[in-house]
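Geometric and topological summary
Read off the chains here:
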Amino acid sequence: MRSICLYFQVHQPFRLRTYRFFNIGQDHNYYDDYQNRHIIKRVAEKSYLPANQLMLELIREYGKGFRISYSISGTALDQLQIHVPEVITSFQQLANTGQVEFLSETYSHSLASLGNQEEFARQVLLHRNKVEELFGQKPVTFRNTELIYSDQIGSQVADLGFHTMLTEGAKHILGWKSPNYMYCNQINPKLKVLLRNFRLSDDLTFRFSNRDWSEWPLTAEKFVKWLNTIDKQEEVVNLFLDYETLGEHQWKETGIFDFFKHLPNAVFSKSKFGFSTPENLYQDLQPVAAISVPHAISWADEERDLTAWLGNELQDEAFAKLYSCQQKMKNCSDPDLLRDWLYLQTSNHFYYMCTKWFSAGEVHKYFNPYGSPYEAFINYMNVLSDFIIRIEEGNDKVIPTNKKSTAVKKAKSNHGPEIKKSDPSEKFKGTYRKLNFDDIIRLSDTKVKAIIRDVPVETLVYAVHGAGEEVAFKVEKNLGVRALRQYKELIKKLKKLKPSEVTKNRRQIIQELNKNNK
Amino acid sequence: MRVLMFGWEFPPHITGGLGTACFGLTKGLVKHGVEIIFVVPKAFGDETKEGFRLLNASDVKLDFRNRQSQEFWEKIQYMEIGSNLVPYVDPEEFETYVTKTKLSEKQIGESVFSKQYSFSGKYGPNLMEEVSRYALVASAIASEQSFDVIHAHDWLTYPAGIAAKEISGKPLVVHVHATEYDRSGENVNKNVFDIEQKGMATADLVITVSNLTRQIVIEKYGINPDKVITVHNAVEPVERPELEGVQKHVREKIVTFLGRVTYQKGPDYFVEAAYKVLQRDPNVRFVMAGSGDLLTRMIRRVAQLKIATKFHFTGFLTGSEVDMMFAMSDVYVMPSVSEPFGISPLEAMRSNVPVVISKQSGVAEVLKHALKVDFWDVDALADAIYGILHYDGLRKMFVRHGKTEVDNLKWENAALNIIEVYNKAVYK
């Protein structure tokens, strides 16, 4: 039997609210709750609920012959649980039929596969557990965010215990080959790879309702006729679609639900095809060849590459800054931070910063809540800046004092002066806000002069070592002529300092600072 | 295609954007083989004439025994006296103008009817007199020259355009670079408004410099939308290698506002945004370059907000100082309340300075690599400034794409759209 593999992607991001720079350090609520709730409810009503109902009816009607598969991102599951739990229930009903396979992906539909292997593995595990907990299946098939795939990623996915992975049947990797066979990973042949038939899939996702399309209207019968023209040798047609195609991207009025309602009957009565899940195919089919994908591909845009999410200056800066947090987040146990760490990784945030739609790509514009990629970037970076401050503060809390100065120094060189940090080794005295070392730049010149007058030049040199440019400038500018000369000479001679020495000297100045501030 | 074009000024004798725009546009048209007779009230003799004829209205002699002239004069008499119609004039000069005398009707009549009239070509107190006389001369020129279409730039030349159309019967295109609403807000000068409306109504087609202006022309002047066409302005590419060595002498980043300090340009929003940014980051300096009737109020507000050590006023800057200012800036801000087009952000981008512009400016319609905010949204404005100063990816993006984008806004291309308008007017 030849197979149709019908797979649906369900994903919703946690969209960010308008977050201004003056919220940084004060307000840690990043999400546009109203919009997120509104969208998930609308999509559930127009798409998920009626589509699930239809699929359930089809399974009841056709029994074992009709099989489908889903991958639901963790961020979508979280939002459904909060706002429309009945969708979860209906997915559970589908799971109970035993004819629906649930796939695994990264929890937050992230680009972690390109950013950090360790974080990627963590997210996959998180998602696998969530699926198992909700639907009682342990996923064995993997679908990466937006079908992103490369030899390397595939091999890592195999190491994580999956036996099959889905990706795009991109023209430039297939060449003359057909997507309608089972392939395997180039590095680890144990991982089987299913390739999306983009022509037939896109007929449904993009062209279905287009009245200028020569094939409009597309009926199930016509679609089956096309399936029958496929070479008899070819084993499987992979139709990988956004689930929102049913009812949201293609409205109910376009007849999309009717199409799916009639598809099984047309397939069974007019063709030799049946329906299979990826797991069925794993059991039934042997790979015909390894597929070589040295550079990552995806299912997006004409190029089928990563440029919708990465590659311009905005995206690259945001991405690098985001994954620079990974080391610190590894040991984090704060549930709020962990949640934000996941939600901020969602690929959509990077998609909004894409500048490609300046020239083309109506699709991009359609999905973008921002006026321009620049606005998207600024908003995201404001949020990320606040998030980083929180990590720093959190880390200061947990790291023992002997390690602290290194951590502080690192934080400083990475993130510049906007980082506020607290010094846990000194307790709060009184009610006034205790000043820290960086606060020097906020003081008036007169005050600074008064403070550094009482401090030996050597102490200053040590304390300023590794501090931000602003701090150094503020100090230098308030030194007397002779002191400044001395100071500069000392700096020249200065070799590598132990972090503890820096801290020790800073502490002395901090004391002066606060004495003066009372 | 032969065009009789009426302008008010021409480089190098310009006081504002109008002359520059006319020059660029003319050059663009000439490249596409359009012949142009460009009439200015007063030619100084040192104007650049690249492939077109510059006619000096001051040289045209009129014969008033000619019945046509007499008749026409009667028609244009409605636009007589106006005391403060001084567009594009530096507000300080403006102050001195308004205090000057009003003209009597009789004076106009006499001087206009002298055989040869010497135009000043400036926006002086005799502006209305000059506009009238210019129209009269236009009728004389129109009857002598041969051409296919008439093109008049801004209200000062509309009467000339109308006159030329009446004499020659050729189609008239009026070009709206700014309206009285842009110059005076809601306190419009009725005389100017009437001239503008008459010009637009008489014209076969109206060109506006932005969709924003197009909307004003349709809504406030009641012009049929079908005959109003937007052709966005462009800029002339220039190389200024001498500016590469320019250095600023402060460590802080510099955020600049450059333009007339008047209600229309939204300087107050700039001050409020500066305050918000400085609350968070003291390592920024703000510069307000320009002067105008709101200047003293801005200085008072800055003092009140206690940010005067970080907020600087330069007063009015001249050509090379403007270039220097751009070269020193890290962000350029144009928070205009209403701006028909707004060429200055393009000049900033050409100097690799990222720009924040208001959505209420015509230039926002053509720029992609700029941050756009509503002029009244001080939070968004402050956020945009802060973003450019702190997130390096933005600056890199703007530097990489901004200059290219501006360099592609060529008059050559805009000229093609204008030729299309001509064709529509001639062959409709």
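Here the structure is a predicted model, which is why all the values come from computation and not from measurement.

Quick look at the overall build of chain B
- Helix and strand content of chain B: 16 helices and 13 strands.
- For chain B, the proportion of its 428 residues judged to be buried stands at 58%.
- In chain B, 69% of the contacts between residues at least 6 apart in sequence involve partners at least 24 apart.
- For chain B, the accessible area works out to roughly 17500 Å², and carbon and sulfur atoms hold 49% of it.

Considering the nonpolar core
- Among the nonpolar cores identified, the biggest contains 106 residues, and A:Tyr380, A:Phe387 and B:Phe286 are the most heavily contacted of them.
- Per-element tally for this core: the top contributor is helix H17 (residues 373–398) of chain A, with 12 residues.
- Counting residues in hydrophobic clusters, the runner-up holds 58 residues, among them A:Ile4, A:Phe135, A:Leu227 and A:Val237.

Things to note about the interface of chain B and chain A
- On the chain A side, the residues contacting the 26 residues of chain B number 25 residues.
- When chain B packs against chain A, the two sides together hide about 2400 Å² of surface, and 60% of this comes from carbon and sulfur.
- When the area that chain B buries against chain A is broken down by residue, the three leading residues are B:Arg251, B:Arg280 and B:Tyr391, summing to 29%.
- Where chain B packs against chain A, one counts 3 salt bridges.
- Between B:Arg400 and A:Glu313 there is a salt bridge whose closest N-O contact spans 3.0 Å.
- Applying the counting rule to chain B against chain A returns 11 residue pairs in polar contact (both at pLDDT 80 or more).
- Residue assignment for the side of chain B that touches chain A shows that the elements contributing at least two residues are helix H10 (267–280), strand E13 (371–373), helix H14 (378–390) and helix H15 (392–407) of chain B.
- Residues that form the side of chain B that touches chain A fall into these classes: 11 nonpolar, 4 polar and 11 charged.

A look at the sheet that holds strand E5 (residues 164–168) of chain A
Residue and element names in this part refer to chain A.
- With respect to topology, 5 strands assemble into an open sheet ordered E4-E5-E7-E6-E12, the strand pairing being mixed. Of all strands in the sheet, those with a lone pairing partner are strand E4 (141–143) and strand E12 (289–291), marking the two edges. Averaged over all neighbouring strand pairs, the angle between strand axes comes to 45 degrees, with direction disregarded.
- Sheet topology places strand E6 (residues 182–185) next to E12; 3 bridges connect them, and they run parallel. Its bridge partner lying in E12, Cys184 is registered against Ala290.

Remarks on the sheet that holds strand E12 (residues 355–358) of chain B
Residues and elements named next belong to chain B.
- Read across the open sheet, the 6 strands follow the order E10-E9-E8-E11-E12-E13; overall the sheet is parallel. For this open sheet the edge positions go to strand E10 (311–315) and E13, each flanked by a neighbour on one side alone. Within the sheet, the average angular offset between the axes of one strand and its neighbour, ignoring direction, is 20 degrees.
- Here strand E8 (residues 253–258) runs beside strand E9 (residues 284–289); their pairing, made up of 6 bridges, is parallel. Residue pairing for E9: Thr256 is matched across the bridge by Val287.
- This element, H14, spans E8, E9, strand E11 (331–334), E12 and E13 of the sheet and lies at about 165 degrees to E13.

Focus on the environment of A:Lys272
Residue and element names in this part refer to chain A.
- By secondary structure assignment, the location of Lys272 is in the loop between helix H10 (256–270) and strand E11 (273–276).
- Residue classification places Lys272 among the exposed positions, given a relative accessible area of 72%.
- Remark: the alpha-carbon pair of Lys272 and Met1, spanning 271 residues in sequence, is separated by 6.5 Å.

What to know about the confidence of the model for chain A
- With 89% of its residues at a pLDDT of 70 or more, chain A shows a mean pLDDT of 87.
- In this model, residues 398–432 of chain A is a region of pLDDT below 50 whose contacts with residues beyond four sequence positions or in other chains number 50 contacts.

Examining helix H8 (residues 190–202) of chain B
Residue and element names in this part refer to chain B.
- Taking 1.5 Å as the rise per residue, H8 with 13 residues should run 18 Å; its terminal C-alpha atoms sit 18 Å apart, in good agreement.
- Here H8 has its buried residues at Val192, Phe193, Ile195, Glu196, Gly199 and Met200. For H8, the angular spread of buried residues about the axis comes to 165 degrees, placing them on one side.
- Looking at the packing, one finds that the buried side of H8 touches helix H5 (127–144), helix H6 (158–168), strand E5 (172–176), helix H7 (180–184), strand E6 (205–208) and helix H9 (211–220).
- The residue sitting at the N-terminus of H8 and contributing the capping side-chain oxygen is Asn189; that oxygen lies 2.8 Å from the backbone nitrogen of Asn191.

Some details on the packing of aromatic side chains
All names here are of chain A.
- Inspection of every chain in the model, using the stated rule, returns 51 aromatic pairs over all chains.
- Relative to Tyr343, the ring of Tyr31 lies with its centre 5.7 Å away and its plane at 75 degrees, an arrangement referred to as edge-to-face. Taken together, the positions of Tyr31 in the loop between strand E1 (2–10) and helix H1 (33–62) and Tyr343 in helix H14 (residues 335–343) put the pair 312 residues apart, joining distant regions of the chain.
- What makes Tyr31 buried here is its relative accessible area of 7%.
- Taking the relative accessible area as the measure of exposure, Tyr343 reaches 7% and is therefore buried.
- Taking the centre distance of 6.5 Å and the plane angle of 75 degrees together, the rings of Phe91 and Phe135 count as edge-to-face. Of this pair, Phe91 sits in helix H3 (residues 85–96) while Phe135 sits in helix H5 (residues 117–135); the two residues are 44 residues apart in sequence, bridging distant segments of the chain. As far as the burial class goes, Phe91 and Phe135 line up, both buried.
- The ring centre of Trp176 lies 5.6 Å from the NZ or CZ of Lys177, which sits over that ring.
- The ring centre of Tyr282 lies 4.6 Å from the NZ or CZ of Lys192, which sits over that ring.

Description of the pairing of E8(B)
Residues and elements named next belong to chain B.
- With 5 of 6 residues buried, E8 is to be regarded as a mostly interior element.
- Following the backbone out of E8, through H10 and into the adjacent parallel E9, one traces a crossover that is right-handed.
- Where E8 lies against E11, 3 bridges are found, and the strand directions are parallel. Residue pairing for E11: Val255 is matched across the bridge by Val331.

Thoughts on the confidence of the model for chain B
- Summarising the model, chain B shows a mean pLDDT of 82, and 79% of its residues fall at 70 or more.
- Low pLDDT, under 50, characterises residues 75–111 of chain B; the predicted model gives this stretch 71 contacts beyond four residues in sequence or across chains.

Overview of the pairing of strand E7 (residues 192–196) of chain A
Residues and elements named next belong to chain A.
- Judged by how many residues are buried, E7 sits mostly within the fold: 5 of 5 residues are covered.
- Every second residue of E7 is oriented toward a common face, with Lys192, Leu194 and Arg196 on one face and Val193 and Leu195 on the other, all of them buried.
- In this sheet, E7 lies alongside E5 in parallel orientation, the contact comprising 5 bridges. Looking at the pairing, Thr164 lines up with Lys192 of E7.
- In this structure, E6 lies alongside E7, joined through 3 bridges in antiparallel fashion. Pairing of Cys184 across the sheet is with Lys192, part of E7.

Describing helix H1 (residues 17–31) of chain B
Residues and elements named next belong to chain B.
- Here H1 contains 15 residues, and its C-alpha end-to-end distance of 21 Å stays within 8% of the 21 Å for a straight helix at 1.5 Å per residue.
- Lining the buried residues of H1 we find strand E1 (2–6), strand E2 (35–40), strand E4 (149–153), E5 and helix H16 (411–426).
- Remark: Gly33 follows H1 within two positions and exhibits a positive phi of approximately 80 degrees.

Brief notes about the environment of B:Val137
All names here are of chain B.
- Within the secondary structure, Val137 is located in helix H5.
- When its relative accessible area of 1% is taken as the criterion, Val137 is described as buried.
- Counting along the chain gives 98 residues from Val137 to Val39, while the straight-line C-alpha distance between them is 9.9 Å.

Details of the packing of H5(A) against H14(A)
All names here are of chain A.
- Interaxial distance between H5 and H14 falls to 12 Å at its minimum, and their mutual angle equals 105 degrees. With respect to H14, the axis of H5 lies roughly perpendicular. Contact residues: Glu119, Arg122, Gln123 and Leu126 in H5; Leu338, Trp341 and Leu342 in H14.
- Partitioned by chemical class, the residues of the contact of H5 with H14 number 4 nonpolar, 1 polar and 2 charged.

A few points about the pattern of salt bridges
- The final tally for this structure, using the stated rule, is 30 salt bridges over all chains.
- A salt bridge links B:Lys31 to B:Glu412, with the shortest nitrogen-to-oxygen separation between them at 3.6 Å. With B:Lys31 in helix H1 and B:Glu412 in helix H16, the pair connects residues that are 381 residues apart, well separated along the chain.
- Assessed through its relative accessible area of 60%, B:Lys31 is described here as exposed.
- Connected via shared salt-bridge partners are A:Glu168, A:Arg196, A:Asp202 and A:Arg304.

Here is what the cut-offs are and how they apply
Residues numbered from 1 in each chain as written. Chains lettered and ligands numbered in written order. Predicted model: local features only at pLDDT ≥ 70, side-chain atom pairs only at ≥ 80, totals over all residues. Heavy atoms only, no water. Helix = DSSP H or I, 4+ residues; strand = E, 2+ residues; numbered from the N terminus. Buried < 20%, exposed > 50% of the residue type's maximum accessible area, 1.4 Å probe, protein only. Contact = heavy atoms within 4.5 Å. Areas by Shrake-Rupley, 256 points an atom, 1.4 Å probe, with all protein chains shown as cover. Core = buried A, V, L, I, M, F, W, Y, C linked by side-chain atoms within 4.5 Å. Buried area = accessible area lost by both parts, 1.4 Å probe. Salt bridge = Lys/Arg side-chain N within 4 Å of Asp/Glu carboxyl O. Polar contact = N/O pair within 3.5 Å; in protein donor to acceptor, adjacent residues only side chain to side chain. Nonpolar A, V, L, I, M, F, W, Y, C, P; charged D, E, K, R; others polar. Pairing = 2+ DSSP bridges. Axes fitted to C-alpha atoms, helices over the stretch in contact; angles between N-to-C directions. pLDDT = per-residue confidence, 0-100. Expected span 1.5 Å × (residues − 1). Arc of directions from axis to C-beta. Phe/Tyr/Trp six-rings, centres within 6.5 Å; stacked < 30°, edge-to-face > 60°. Lys NZ or Arg CZ within 6 Å of the ring centre and 35° of its normal. Right-handed = clockwise from strand over helix to strand, strands pointing away. Parallel < 35°, antiparallel > 145°, perpendicular 65-115°, else oblique.

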